[in-house]
Amino acid sequence: MSSPIEFFPPMIDGVSASKVFLPKTSSKPNSVYQYLCQQFPHIESAEWQQRFLDGLIYDALGNVLTVHAPYIENSHVFYYRFLAHEIPVPFEHEVLFENEHLLVIDKPHFLTISPTGQYVQETLLVRLKKHTGNEYLTPIHRLDRETAGVVLFSKQVSTRAVYQEMFARREVKKTYHAIAPFHADLIFPCYTRYRMEKGEPFYTMQVVEGNINSETEIDLIEHDAIWGKYELKPTTGKQHQLRVHLNSLGIAIKHDPFYPVVQHKREDDFSAPLQLLAKHIAFNDPVSRQQMRFSSHFDLTL
């Protein structure tokens, strides 16, 4: 007897469905709707209701569910995430390279890579999925929303892992540029080595005592009386690593909204981009065995 064909919801307007498992529980919810509200308390119940009304919730067999659909233990459901209002990001990406396995993108400032928080359509991943029609696109590494530059995407599930492992083994050489204050008493090149952990607020990082878990080679490219242009080569990949390392030297990156002090800006304020750029990336391609090097067409100036 053949097994039933597994249902995979189609991509809608560049957005792939998310899959949620419904576990066996002692306090069984009355409905899928109730469980989703409990599981994702940061999402308003009215938003879940709207998703059901819009036909954006499916069971494992592909049936569209209503708010009254019963909770079935040890099964799963799919849902799509759309936002009623998003702030348009008025900057475009550029395709630097593409083959059957990789898509290399030059990302502008202010564009989040993947759907999160208040951005879905206005993210690089969804823009690319809409443009290419490839729902299997996946970022292999990350750049902050505030950071511009080169980022790699996997096009195929079959080869995704070998590219991810390449980053995990630190076989990728990444070079960043940054604009930060010039201090004549600092000597470059230098090698910063710190232990970084979550800070306060929770979305920031801080330097603490303990075993080293972040390392960066820093050099000064050019400077004037006030600003310097720095070349940064991280050998680890902690969140906000370059921003924290420069801040720890007393030279926080120009227009950094988090370091040394958190300064919230309006989401539609695109006037002062963080002066951090993923300028170059180089690696030995694990599939083609060729040496690959890509450079951003963006540039930072003093």
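Residues numbered from 1 in each chain as written. Predicted model: local features only at pLDDT ≥ 70, side-chain atom pairs only at ≥ 80, totals over all residues. Heavy atoms only, no water.

1. Some points on the packing of helix 1 (residues 32-39) against helix 2 (residues 45-53)
Keep this limit in mind: Orientation is described by lines fitted to C-alpha atoms, with helices fitted over the stretch in contact, and by angles between N-to-C directions that extend from 0 to 180 degrees. The helix and strand labels rest on DSSP assignments: H or I over at least four residues marks a helix, E over at least two residues marks a strand, and numbering proceeds from the N terminus. Every angle not falling under 35 degrees, over 145, or within 65 to 115 is termed oblique; those three ranges are roughly parallel, roughly antiparallel and roughly perpendicular. Crossing handedness: left-handed means the near helix sits turned counterclockwise from the far one by under a right angle, and right-handed means the same turn made clockwise. The contact definition used throughout considers only heavy atoms, calling two residues in contact when any of these lie within 4.5 Å. Think of it as three bins: nonpolar holds Ala, Val, Leu, Ile, Met, Phe, Trp, Tyr, Cys and Pro, charged holds Asp, Glu, Lys and Arg, and polar takes everything else, Gly as well.
With their axes 10 Å apart at the nearest point, helix 1 and helix 2 run at an angle of 140° to one another. The angle between the axes of helix 1 and helix 2 places the two elements in the oblique class. Pair helix 1 / helix 2 crosses with right-handed handedness. Residues V32, Y33, L36 and C37 of helix 1 form the contact with helix 2, whose participating residues are S45, W48, Q49 and F52. In the contact of helix 1 with helix 2, the residues fall into 6 nonpolar, 2 polar and no charged.

2. Here's the deal with the pattern of salt bridges
Charged atoms that come close allow side chains of opposite charge to pair. Convention followed: What counts as a salt bridge is simple: a side-chain nitrogen of Lys or Arg found within 4 Å of a carboxyl oxygen of Asp or Glu. Only protein chains enter the accessibility calculation, which uses a 1.4 Å probe. A residue is then buried if its area is under 20% of the maximum for its type, exposed if over 50%, and partly exposed in between.
The full count for this structure, using the stated rule, is 16 salt bridges. Two residues, D144 and R243, come together in a salt bridge whose shortest N-O distance is 3.1 Å. Of this pair, D144 sits in the loop between strand 6 (138-139) and strand 7 (148-154) while R243 sits in helix 5 (residues 241-248), placing them 99 residues apart in sequence. The exposure class of D144 is partly exposed, given its relative accessible area of 23%. Using a relative accessible area of 1% as the deciding quantity, one classes R243 as buried.

3. A look at the packing of aromatic side chains
Each aromatic ring pair is specified by the distance between its two centres and by the angle formed by the two planes. Cut-off, in case you're wondering: Any two of the Phe, Tyr and Trp rings considered here, Trp counted by its six-membered ring, make a pair once their centres fall within 6.5 Å; the pair's planes then place it as stacked at under 30 degrees, edge-to-face at over 60, or tilted in between.
Overall, the coordinates contain 16 aromatic pairs when judged by the stated rule. When the ring of W48 is compared with that of Y79, the centres are 5.1 Å apart and the planes differ by 75°; the resulting orientation is edge-to-face. Note that W48 is positioned in helix 2 and Y79 in strand 3 (residues 75-79), a separation of 31 residues in sequence. What makes W48 buried here is its relative accessible area of 0%. A residue is classified by how much of its surface remains accessible, and Y79, at 10% relative accessible area, is buried. Ring centres 6.5 Å apart and planes at 25° place the aromatic pair Y80 and F82 in the stacked group. F82 sits in the partly exposed class, given a relative accessible area of 25%.

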